[in-house]
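# Coordinate analysis (summary)
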Amino acid sequence: IARALYPIDVELFQSRLAEQAATAASLRSRWPAASKVVIAVAKFVERESPLLIIDTFADLRRQMPMVRLLLVGDGPLRSALEKRIADLGLTEHVHLAGYVPYVDLPRYYGASDVFLHVAAFGPWEISVSEAMACGLPVVTTRNIGSAADLIVPGRTGGIAGTAEASELARCLAQVISFAGTTETKSAVTSQVRRIDVNVAAAEIEALIDRLTSLPVTNNGEIH
């Protein structure tokens, strides 16, 4: 058996994060320096629950007025999303970035402090790995497959007990309290390196080596 979880090229994201640091700082400068920035990357469709992202952010702002939301993505629910933002009086505190090409995502991760993912379900969800490859702790729910393998509560993020806005906001507030430190960034990247492409490749290669070294009978059967 070889473990081959959905791998990610951590070094690639780290290098792009460094290359795009200046544009990330410019993006973040739209808000006061003391702001804490939550980022979500999602398609604006029912499965990825974009309205829940807004409701969670609204609850969080009642606890932490200095937070801001950077929302990357687009889709058929955009109009409903814009209305919810306006109705909740969040227009000045939410930046809708629209669709962002994959190669440019690190500048948005680099402008943020914590990643929020609230999809209704997901067997893995690669955006969690991407955010962690950029040093961001993650808040999500047990509905997301990667949560069990990558999130260590209180260290690399938090796992909300329910997919309710109030519970997600409570979990976010806890994670924001330790986000952004060198220690947290190091813990997050160390955790996601466990599924780096090089690690996954090495495990598969080792399995092939073990299989090819097994004794074979005259009729081709492996013992």
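A brief structural summary. (Residues numbered from 1 in each chain as written. Predicted model: local features only at pLDDT ≥ 70, side-chain atom pairs only at ≥ 80, totals over all residues. Heavy atoms only, no water.)

Counting residues in each nonpolar core, the largest one holds 34 residues, and the members touching the most others are Ile39, Leu70, Tyr109 and Phe115. Counting only elements with at least two residues in this core, the list comes to α1 (10-19), α2 (21-28), β1 (36-41), β2 (67-72), α5 (105-110), α6 (126-133), α7 (145-150) and α9 (182-192). At 4 residues, the largest contribution of residues to this core is made by α6. In this view, Ile39 contacts Leu70, Val72, Tyr108, Tyr109, Ser112, Val114, Phe115, Leu116 and Leu136; residues no more than four positions away in its chain are not counted. In terms of nonpolar packing, the next biggest core, distinct from the first, is built from 33 residues, Phe57, Leu116, Ala160 and Ala169 among them. (Core = buried A, V, L, I, M, F, W, Y, C linked by side-chain atoms within 4.5 Å. Buried < 20%, exposed > 50% of the residue type's maximum accessible area, 1.4 Å probe, protein only. Helix = DSSP H or I, 4+ residues; strand = E, 2+ residues; numbered from the N terminus. Contact = heavy atoms within 4.5 Å.)

Another point: the pattern of salt bridges. Enumeration according to the criterion identifies 11 salt bridges in this entry. Across the salt bridge formed by Arg78 and Asp74, the nearest N and O atoms sit 3.7 Å from each other. Taking relative accessible area as the criterion, Asp74 reaches 38% and is therefore assigned partly exposed. For the salt bridge of Asp87 with Lys83, the shortest nitrogen-to-oxygen distance reads 2.7 Å. One end of the pair, Asp87, and the other, Lys83, are both in helix α4 (residues 78-87), 4 residues apart, so they sit about a helical turn from each other. (Salt bridge = Lys/Arg side-chain N within 4 Å of Asp/Glu carboxyl O.)

Let us now look at the packing of α6 against α9. Put simply, α6 and α9 touch, their axes get as near as 8 Å, and they point 135° apart. With respect to α9, the element α6 is oriented oblique. With respect to the hand of their crossing, α6 and α9 are arranged in left-handed fashion. Touching Ser129, Met132 and Ala133 of α6 are Val188, Thr189, Gln191 and Val192, all from α9. (Axes fitted to C-alpha atoms, helices over the stretch in contact; angles between N-to-C directions. Parallel < 35°, antiparallel > 145°, perpendicular 65-115°, else oblique. Left-handed = near helix turned anticlockwise from the far one by under 90°.)

What follows concerns α6. Extensive coverage of α6 is indicated by the burial of 7 of its 8 residues. Three or more residues of α6 are buried, namely Ser127, Val128, Ser129, Glu130, Ala131, Met132 and Ala133.

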